[in-house]
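Descriptive structure summary
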Amino acid sequence: MAESSSRSSSMHLSSDNVKGLILALTSILFIGASFIVKKKGLKRAGASGMKAGAGDYSYLYEPLWWAGMATMIVGEVANFAAYAFAPVILVTPLGALSIIVSAVLAHVMLKEKLHILGILGCVLCVAGSTEIVLHAPQERGIESVKELWNLATEPAFLLYSAAVIGSVLVLIFQFVTLYGNTHVMVYIGICSLVGSLSVMSCKALGIALKLTFQGLNQLVYPQTWVFAMVVVVCVLIQMNYLSKALDTFNTAIVSPIYYAMFTSLTILASVIMFKDCNHQNPQQIITVLCGFITILAGTFLLYMTRDTGDQGLYLYSGLIASHLSRFIVSKRPEVDGFSVEEIPLRRQESLHGP
């Protein structure tokens, strides 16, 4: 009887959950569309000058890019608001659907194609990330921003933050100039690492605002403003390098890899900061590890997938047989007068190399 009652209650959505679900779906549509609008703006800006991937910032003068940015902001605000109504276990997995929105719109508006193995890679990335989120422990209750500050300044999370900052600095100053335009993991790595810290700060800031609206003013504490400053700095870095990634690589590849890395690192940061693993049983921990393996498998398939035009699948099969560890770069002819980039995760100088 209790089991039946629990099952029926889990299938019933409260009014708050319905509001959160609507906000989350709205967020998915706006965020998914923002990738396409921003890339069209980047292409338009790049047609009259240097590209963002080459260090040029002319896209900042392109209204279409700002329209994409505004669309993304609206989506992020809706996503932030969804967490105020619905639990994380309901809202977070839905974020994966923005990849599908981006892929469909990229196919229609940018003429970018994703072959069958790329689709399978996307499915694996989404499945693995969703599996991790669904089996992640529940968020602990916080009653003050000071409690959040104590969690953020404990040795474990300080060590993680130092590792993230150090890795980002190495990527920016050592790898961006050498491999930024040929390895998508450089730009995406920066965005994902910085993003894991920005989400922790966003969560802290959101809790502070929620407590403030409930009558417990948290704006009088300097820790609240520190979290706000971290959010601003991290978001600006993410905006810069995500724009470079979108301008340099295929949208259908950037979106799933960014989602997979960003979700994995964010959950890792949350586990370290909130110590939620202490409340998990071995079955839950093993399930989370399986989710990571699934994400890695999907990412590998995305590495091996790219669009090479009308003979894409034929060339793909031949290259797999003779060049297992190599990746190619090619330019398709203009489609209806619109030049389409086909840049994989790594470049190869020639299709006929040994």
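Our subject in this report is the structure included herewith. Keep in mind it's a predicted model, so treat the numbers as computed, not measured.

This next bit is on the layout of surface pockets. Volume-wise, the second largest pocket comes out at about 430 Å³. Ser 161, Ile 165, Leu 197, Val 230 and Cys 234 are the residues nearest the centre of the second largest pocket, which is lined by 22 residues in total. Take the lining of the second largest pocket: its biggest share by element is eight residues, from helix α8 (residues 155–179). In the lining of the second largest pocket, the residues fall into 19 nonpolar, three polar and no charged.

Summarising the element assignment, Ser 167 is placed in helix α8. With relative accessibility at 34%, the residue Ser 167 sits in the partly exposed group. In this structure, the C-alpha to C-alpha distance between Ser 167 and Gly 189, residues 22 residues apart in sequence, is 9.0 Å.

Attention shifts here to the environment of Ala 81. Within the secondary structure layout, Ala 81 lies in helix α3 (residues 63–85). When the C-alpha positions of Ala 81 and Gly 206 are compared, they lie 9.2 Å apart, and in sequence the two are 125 residues distant.

Right, let's talk about the environment of Ser 161 for a bit. Within the secondary structure layout, Ser 161 lies in helix α8. Looking at Ser 161, the relative accessible area reads 13%, which means it is buried. Sequence spacing of Ser 161 and Leu 197 is 36 residues, and the spatial spacing of their C-alpha atoms is 7.4 Å.

Moving on, we come to the packing of α8 against helix α9 (residues 184–213). The interhelical angle for the contact between α8 and α9, taken along N-to-C directions, is 155°, at an axis separation of 9 Å. With respect to α9, the axis of α8 lies roughly antiparallel. As for the relative orientation of α8 and α9, their crossing is left-handed in sense. Together, Phe 157, Tyr 160, Ser 161, Val 164, Ile 165, Ser 167, Val 168, Leu 171, Ile 172, Phe 175, Val 176 and Tyr 179 of α8 and Val 186, Tyr 187, Gly 189, Ile 190, Leu 193, Val 194, Ser 196, Leu 197 and Met 200 of α9 make up the contact between the two elements.

Cut-offs used in this document
- Residues numbered from 1 in each chain as written.
- Predicted model: local features only at pLDDT ≥ 70, side-chain atom pairs only at ≥ 80, totals over all residues.
- Heavy atoms only, no water.
- 1 Å grid on protein atoms, 1.4 Å probe; cavity = no way out; pocket = protein on both sides within 12 Å on 5 of 7 lines; lining within 4 Å.
- Points joined across faces, edges and corners; volume = space filled by probe spheres on them.
- Helix = DSSP H or I, 4+ residues; strand = E, 2+ residues; numbered from the N terminus.
- Nonpolar A, V, L, I, M, F, W, Y, C, P; charged D, E, K, R; others polar.
- Buried < 20%, exposed > 50% of the residue type's maximum accessible area, 1.4 Å probe, protein only.
- Axes fitted to C-alpha atoms, helices over the stretch in contact; angles between N-to-C directions.
- Parallel < 35°, antiparallel > 145°, perpendicular 65-115°, else oblique.
- Left-handed = near helix turned anticlockwise from the far one by under 90°.
- Contact = heavy atoms within 4.5 Å.

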